[in-house]
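One letter stands for each residue in the lines below.
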Amino acid sequence: MGLTYFDTKEELLHFLLQLTEKQLDKVVEWRYTADAITLLQASHTAGWSVAQCLAHLNAYSDYYLRSFQEGMSTNEKFLQNHSIKSTWLGKLAIKSMHPETGKSKFKAMKGYIPDSELPALDVLDRFITHQKSLLEILRLAKDYQLNQIKIPISIAKFLSLRLGDALYFLIIHQERHILQAERNLRK
């Protein structure tokens, strides 16, 4: 899965729906095949456990899912397919988080660093609930002008991304950490 920018709303949302469904399926599988001890085991490289990766993503989802819903609820519907135009900030955010083009390690921002002791299965359940909400948001997003709705960035609310860029950023960020968690399970 290389870094791709999309020409239309329909193409972008199709890609994001497929990737989100794949992420959801993977975590549902982990929920029913891995035990809490395995999910809490730190990476052999001293990185985060599976549960920590997902807790980190849950913290982002807490902010962004609410922001997406608010952004769409305060804008009028726009049912037509339209071209997608990423801003330079949107492209930078997406590229920096992409598993193939981004930096290999980032220091998580304060408030997004997960504890090492977590209720692992609850963390996975919460992630699954978030993914189901995200899938619903993606289905609703087809009815909006993705270039017009602005979503403030969680770590710098004075900056914002277009809804299309923000959705792409969140989901590619999830992919980055799900791949990290998957490596932990394979060790």
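Everything below is about the structure shown above.
Residues numbered from 1 in each chain as written. Predicted model: local features only at pLDDT ≥ 70, side-chain atom pairs only at ≥ 80, totals over all residues. Heavy atoms only, no water.

Undergrad: Help me understand the overall build of the protein chain, please; the structure alone is not making it clear to me.
TA: For the protein chain, the count of helices and strands is six helices and two strands. Secondary structure of the protein chain in N-to-C order comes out as α-α-α-α-α-β-β-α. Taken against the 2.2 N^0.38 rule, which gives 16 Å for 187 residues, the C-alpha radius of gyration of the protein chain at 16 Å falls within 12% of a compact globule. Counting contacts in the protein chain only where the partners sit at least 6 residues apart, residues at least 24 apart contribute 86% of the total. Roughly 9,800 Å² of accessible area belongs to the protein chain as shown, and the carbon and sulfur atoms make up 53% of that amount. (Helix = DSSP H or I, 4+ residues; strand = E, 2+ residues; numbered from the N terminus. Rg over C-alpha atoms; globule rule 2.2 N^0.38 Å. Contact = heavy atoms within 4.5 Å. Areas by Shrake-Rupley, 256 points an atom, 1.4 Å probe, with all protein chains shown as cover.)

Undergrad: So what exactly am I meant to see when it comes to the pairing of strand 1 (residues 150-153) here?
TA: Strand residues, when the strand is regular, have side chains that alternate between the two faces of the sheet. Relative to strand 2 (residues 156-162), strand 1 is paired through four bridges, and the arrangement is antiparallel. From the neighbouring strand, Lys150 faces strand 2, where its bridge partner is Arg162. Two successive antiparallel strands, strand 1 and strand 2, enclose a turn made up of two residues. (Pairing = 2+ DSSP bridges.)

Undergrad: For this particular structure, what's the right way to read the pattern of salt bridges?
TA: Side chains that carry opposite charge are capable of pairing whenever their charged atoms lie near each other. Applying the stated criterion to the full structure yields six salt bridges. Residue Glu21 pairs with Arg139 through a salt bridge whose shortest N-O separation is 3.7 Å. Taken together, the residues span a long stretch of sequence, with Glu21 in helix 1 (residues 9-33) and Arg139 in helix 5 (residues 120-141) at a distance of 118 residues. Overall, the relative accessible area of 38% leaves Arg139 in the partly exposed class. Between Lys26 and Glu182 there is a salt bridge; the shortest N-O distance is 3.2 Å. Placement of the pair is Lys26 in helix 1 and Glu182 in helix 6 (residues 163-186), with a sequence separation of 156 residues. Glu182 matches Lys26 in its accessibility class, with the two residues each being buried. (Salt bridge = Lys/Arg side-chain N within 4 Å of Asp/Glu carboxyl O. Buried < 20%, exposed > 50% of the residue type's maximum accessible area, 1.4 Å probe, protein only.)

Undergrad: Would you explain empty space enclosed by the protein in this entry?
TA: Vacant regions in the atomic arrangement are exposed by a probe of water-molecule size rolled over the atoms. Considering all chains together, one arrives at one cavity of 30 Å³ or more under this definition. Of the pockets and cavities examined, the largest cavity occupies roughly 50 Å³. Lining the largest cavity we find Tyr5, Phe6, Leu12, Ile84, Ser86, Ile94, Gly164, Asp165 and Tyr168. Among the elements that take part in the lining of the largest cavity, helix 6 stands out by supplying three residues, more than any other. Residue classes in the lining of the largest cavity are distributed as six nonpolar, two polar and one charged. (1 Å grid on protein atoms, 1.4 Å probe; cavity = no way out; pocket = protein on both sides within 12 Å on 5 of 7 lines; lining within 4 Å. Points joined across faces, edges and corners; volume = space filled by probe spheres on them. Nonpolar A, V, L, I, M, F, W, Y, C, P; charged D, E, K, R; others polar.)

Undergrad: It is not clear to me how helix 3 (residues 50-73) should be interpreted in this structure. Could you clarify?
TA: Side chains that are three or four residues apart share a direction in an α-helix, a result of its 3.6 residues per turn. The end-to-end C-alpha separation of helix 3 is 34 Å, in line with the 34 Å expected for 24 residues at 1.5 Å each. Within helix 3, the axis deviates most sharply at Ser61, by approximately 30°. Judged by how many residues are buried, helix 3 sits mostly within the fold: 18 of 24 residues are covered. (Expected span 1.5 Å × (residues − 1). Bend = angle between axes of the 7 residues up to and from the residue.)

In short, the description is geometric, and any link to function would need to be established separately.
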